[in-house]
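Results of the structural survey
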Protein chains: 2
Amino acid sequence: MMCGSCSNENAFKNIFIAYQRRLRGDIDFTLEEKISCLMNQPPGCPKLSILSFLNGFHGRTLGSLSTTHSKYIHKIDVPSFDWPVAHFPQYKYPLDEHERENSDEDNKCLEEVEDLVVQYEKKGAPVAGIIVEPIQSEGGDNEASNYFFQGLQKIAKKYNAYFLIDEVQTGGGPTGKFWCHEYFNLETPPDVVTFSKKMQLGGYFHSSEMTPRQPFRVFNTWMGDPGKLIVLESIIRIIKEQKLLDNVVTTGHRLKSGLLQLENEFPHLINSTRGRGTFLAINATNEKLRDDILKRLKAKGVQSGGCGAQTIRLRPALIFQEHHADIFLDIFRQVLKQS
Amino acid sequence: MMCGSCSNENAFKNIFIAYQRRLRGDIDFTLEEKISCLMNQPPGCPKLSILSFLNGFHGRTLGSLSTTHSKYIHKIDVPSFDWPVAHFPQYKYPLDEHERENSDEDNKCLEEVEDLVVQYEKKGAPVAGIIVEPIQSEGGDNEASNYFFQGLQKIAKKYNAYFLIDEVQTGGGPTGKFWCHEYFNLETPPDVVTFSKKMQLGGYFHSSEMTPRQPFRVFNTWMGDPGKLIVLESIIRIIKEQKLLDNVVTTGHRLKSGLLQLENEFPHLINSTRGRGTFLAINATNEKLRDDILKRLKAKGVQSGGCGAQTIRLRPALIFQEHHADIFLDIFRQVLKQS
């Protein structure tokens, strides 16, 4: 695998293969399966689905695009698998002032997921897997509670679906853990974790139960650039030697506190500070203001980015330290004062 | 794009985008399209299809896998788009002794393609594109006549489908032309040509009419390894300087003549020599014999490969010369004598 999109595509295939093996048992394929699959038809190509979330982003090839739902321009005019799409929690901020509403939001979203799983089973396209980002990145840096992710895993287990956490954006350290889902106190590890970007090359971990019994079922003759593994080894060594995850936690705390303080100073301009480690975001009160802030930050030498409709996202490198955070917060304050 | 699979996936997207624009005209998307596509539903995600061929291979991600039909192990258990699959011509050899039968085979296959296009239009999943390899490689090194490819292009034009030639295996010189389809005397260039492998990185050419009018519709944030372009530039420079395509033609002629002579010497063992340039193949009379020949060639220092059910395929480098062909033919004769 190379990019995040390929990683998810291959993870889906692995999920479908494991799902069918659980149904079939360890017996050979039927002749009907072998023949029908060559013509794109069931039973060889079964009608299975992957459940995903509105505002999620998992790639742009035709399989992964069927689980991407952040912007219409990514999807319009392109045929899609008819796979179920659930709402991802939309929290009110600050979190500690909206505990009840946000908890209701979690439960509403979890109920919808379970309803969709039941509905797609009935319509003959059972949900073989659930894919979710630990923080919806492209879709607006939307975070969800540990309770929500634990609930998702419970539903996946209840209906024999595999639970796939897409760490293409969050993996590699920016949240303060190597994998963001380590925060979630899941009962068991997720069945699949996909990665790319900071990991230099794409791929996925999966539970050993999911290993296909036959060779060459998840395969690509184009082996990408295996030399990137050497680069990755060095990166991981440096992360450990320099305790960069600890640095991310410390810096992230300083950065988040500073953003919350700016929210209090400029409540008419910004709100909803959120995220983990230095993987942080804040909303502007409207899209025009957001774009304006990004431009002014850039003019003062700060490269930041937008996501979702009105969000500013911060993605500093793992070596970003507290005094860098202070420089950024100072410039951000200047920009807000002039807005 | 990186691998052949990604190249085809993105080419499909480009085809769907262009197909819908021809229907819609240069007007904005409707609100219904924008909203429905986020939920994987028409009209935003229209039911369009790509027609492909039995024994074709175009990749293993979920979109390109729906056009791959060479071995069941690639496809079984994986959901597929319900896209049409036509038969690719299966010729009788030697070609000059079976002109009438092979021409009938061409016409039968072309008629089936046209029937499928009409049928899928009727069932509400119009064929937006036809994808074909110039020589079906993974599926058994099956070649087809210029007449067949010209006929395919005519059908594509008649039904407003785009004509995509997948040169992932054949591109880059091994057939004696840089692109194999240069042999076909097509009325106009194909709408899309995809490539990867020898080209160091994946991608595609398309007609200027197909350029999406909006940015970021065919896009990937993971930019692969653009440094490979520098490698590719050097490769192309060497191909030109050393006239390697001429070398492939000369060597290919010597190699093919030699294979035909071996066919005559060992008609009970091998037959059906075919291919262009040094991109050549020959059948063994059964699969066991084929595997046996491959093993014995290897024991004598010749690395060759199998494809299809009983085919030996030759894929020498572009610098393979006539005297190398003679060495190979000599070893192949020794192996056949012992079979």
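From a predicted model like this one, the values you see are computed outputs, not experimental measurements. (Residues numbered from 1 in each chain as written. Chains lettered and ligands numbered in written order. Predicted model: local features only at pLDDT ≥ 70, side-chain atom pairs only at ≥ 80, totals over all residues. Heavy atoms only, no water.)

1. Considering the relation of the copies chain A and chain B
Superposing chain A onto chain B requires a rotation of 180° together with a translation of 0.0 Å along the rotation axis, leaving an RMSD of 0.0 Å. The superposition operator between the copies reduces to a two-fold rotation axis. Interface residue correspondence from chain A to chain B reaches 100%, placing this contact among same-surface, isologous pairings. (Least-squares fit on C-alpha atoms with pLDDT ≥ 70 in both. Contact = heavy atoms within 4.5 Å.)

2. Brief notes about the side chain of Asp141(B)
Of note, Asp141(B) is situated in the loop between strand E4 (135–136) and strand E5 (142–143). If we ignore the near neighbours within four places in the chain, the residues touching Asp141(B) are Ile135(B), Gln136(B), Arg274(B), Phe279(B), Leu280(B), Ala281(B), Cys307(B), Thr311(B), Arg313(B) and Arg315(B). (Helix = DSSP H or I, 4+ residues; strand = E, 2+ residues; numbered from the N terminus.)

3. Quick word on unusual backbone geometry
It is generally the case that most residues other than glycine have a negative phi and that most peptide bonds are trans. Omega for the bond connecting Pro42(B) with Pro43(B) falls within 30 degrees of zero, at 5°, which places this linkage in the cis form. In this chain, Tyr93(B) is followed by Pro94(B) through a cis amide linkage whose omega measures -5°. Despite not being glycine, Asn160(A) shows a phi value in the positive range, around 60°. Following the sequence through the fold, Asn160(A) ends up in the loop between helix H6 (146–158) and strand E6 (162–166). Residues other than glycine seldom take positive phi values, yet Asn185(A) does so here, at roughly 50°.

4. Description of the packing of helix H8 (residues 244–265) of chain A against helix H10 (residues 322–337) of chain A
Residues and elements named next belong to chain A. H10 packs onto H8 with a crossing angle of 15° between their chain directions and a minimal axis gap of 9 Å. The angle between the axes of H8 and H10 places the two elements in the roughly parallel class. Where H8 crosses over H10, the two elements pack in a sense that is right-handed. Of the residues in H10, those touching H8 at Thr250, Thr251, Arg254, Leu255, Gly258, Leu259, Gln261, Leu262 and Glu265 are Glu322, Ala325, Asp326, Phe328, Leu329, Phe332, Arg333 and Leu336. Partitioned by chemical class, the residues of the contact of H8 with H10 number eight nonpolar, four polar and five charged. (Axes fitted to C-alpha atoms, helices over the stretch in contact; angles between N-to-C directions. Parallel < 35°, antiparallel > 145°, perpendicular 65-115°, else oblique. Left-handed = near helix turned anticlockwise from the far one by under 90°. Nonpolar A, V, L, I, M, F, W, Y, C, P; charged D, E, K, R; others polar.)

5. Description of the sheet that holds strand E2 (residues 85–86) of chain A
The pairing of strands in a sheet comes from backbone hydrogen bonds and takes either a parallel or an antiparallel form. All names here are of chain A. The six strands lie next to each other as E2-E1-E3-E6-E7-E8, forming an open sheet whose pairing is mixed. In this open sheet, the two edge strands, each paired with only one partner strand, are E2 and strand E8 (203–206). Alignment of E6 against strand E7 (residues 192–195), held across three bridges, turns out to be parallel. The residue of E7 that forms the bridge with Ile165 is Val193. Relative to E6, helix H1 (residues 4–24) is tilted by about 170°, and along the sheet it contacts strand E1 (49–53), strand E3 (127–132), E6, E7 and E8. (Pairing = 2+ DSSP bridges.)

6. Examining the sheet that holds strand E9 (residues 270–276) of chain B
All names here are of chain B. With antiparallel pairing, four strands are arranged side by side in an open sheet as E9-E10-E12-E11. Sheet topology places E9 and strand E11 (305–307) at the edges, where each strand pairs with a single neighbour. Pairwise comparison of adjacent strand axes, ignoring direction, gives a mean angle of 30° for this sheet. Relative to strand E10 (residues 279–284), E9 is paired through five bridges, and the arrangement is antiparallel. Residue pairing across strands places Ile270 opposite Ala284, the latter belonging to E10.

7. Some points on the interface of chain A and chain B
The partner chain B presents 58 residues to the 58 residues of chain A that form the contact. Across the chain A to chain B interface the summed buried area is about 5,300 Å²; carbon plus sulfur atoms make up 61%. Looking at the side of chain A facing chain B, the largest losses of area belong to Asn40(A), Asp77(A) and Trp222(A), adding up to 14% of the total buried there. One can count four salt bridges joining chain A with chain B. (Buried area = accessible area lost by both parts, 1.4 Å probe. Salt bridge = Lys/Arg side-chain N within 4 Å of Asp/Glu carboxyl O.)

8. Details of the nonpolar core
Counting 40 residues, the largest nonpolar core has Ile15(A), Phe16(A), Ile15(B) and Phe16(B) as the members making the most contacts within it. Breaking this core down by element, the ones donating at least two residues are H1, helix H3 (62–65), E3 and E6 of chain A together with helix H1 (4–24), helix H3 (62–65), strand E3 (127–132) and strand E6 (162–166) of chain B. Apart from the residues lying within four places of it in its own chain, the contact partners of Phe16(A) are Leu48(A), Ser49(A), Ile50(A), Trp83(A), Ala128(A), Leu62(B), Asp77(B), Val78(B) and Pro79(B). (Core = buried A, V, L, I, M, F, W, Y, C linked by side-chain atoms within 4.5 Å. Buried < 20%, exposed > 50% of the residue type's maximum accessible area, 1.4 Å probe, protein only.)

9. Here's the deal with the domain arrangement of chain A
All names here are of chain A. Each assigned domain of chain A is listed here: domain 1 (4–235) and domain 2 (244–337). A C-alpha centroid distance of 29 Å is found between domain 1 and domain 2. With both sides pooled, the region where domain 1 packs onto domain 2 buries about 1,600 Å², and carbon together with sulfur makes up 56% of that total. Considering only the surface of domain 1 that becomes buried against domain 2, Tyr93, Asp141 and Pro174 emerge as the three largest contributors, covering 33% of it. Connecting domain 1 to domain 2 are one salt bridge. Notably, a salt bridge pairs Arg315 with Asp141, separated by 2.7 Å at the nearest N-O pair. Where domain 1 packs against domain 2, one counts nine residue pairs in polar contact (both at pLDDT 80 or more). Among the residues making up the side of domain 1 that touches domain 2, the classes are represented as eight nonpolar, ten polar and four charged. (Domains from an automatic or database assignment. Polar contact = N/O pair within 3.5 Å; in protein donor to acceptor, adjacent residues only side chain to side chain.)

10. Observations regarding the pairing of strand E12 (residues 311–314) of chain A
Residues in a regular strand point their side chains to alternate faces of the sheet. Residue and element names in this part refer to chain A. Taking every second residue as pointing to the same face, both faces of E12 are buried, with Thr311 and Arg313 on one and Ile312 and Leu314 on the other. Bridging between strand E11 (residues 305–307) and E12 involves three bridges; their strand directions are antiparallel. Paired with Cys307 across the bridge in E12 is Thr311. Adjacent in sequence and paired antiparallel, E11 and E12 are bridged by three residues, among which Gly308 carries a positive phi angle near 55°.

11. Brief notes about H6(A)
Compared with an ideal rise of 1.5 Å per residue, which puts 13 residues at 18 Å, H6(A) spans 18 Å between its outermost C-alpha atoms and is within 8% of the ideal. Taken residue by residue, H6(A) has Phe148(A), Phe149(A), Gly151(A), Leu152(A), Gln153(A), Ile155(A) and Ala156(A) as its buried positions. (Expected span 1.5 Å × (residues − 1).)

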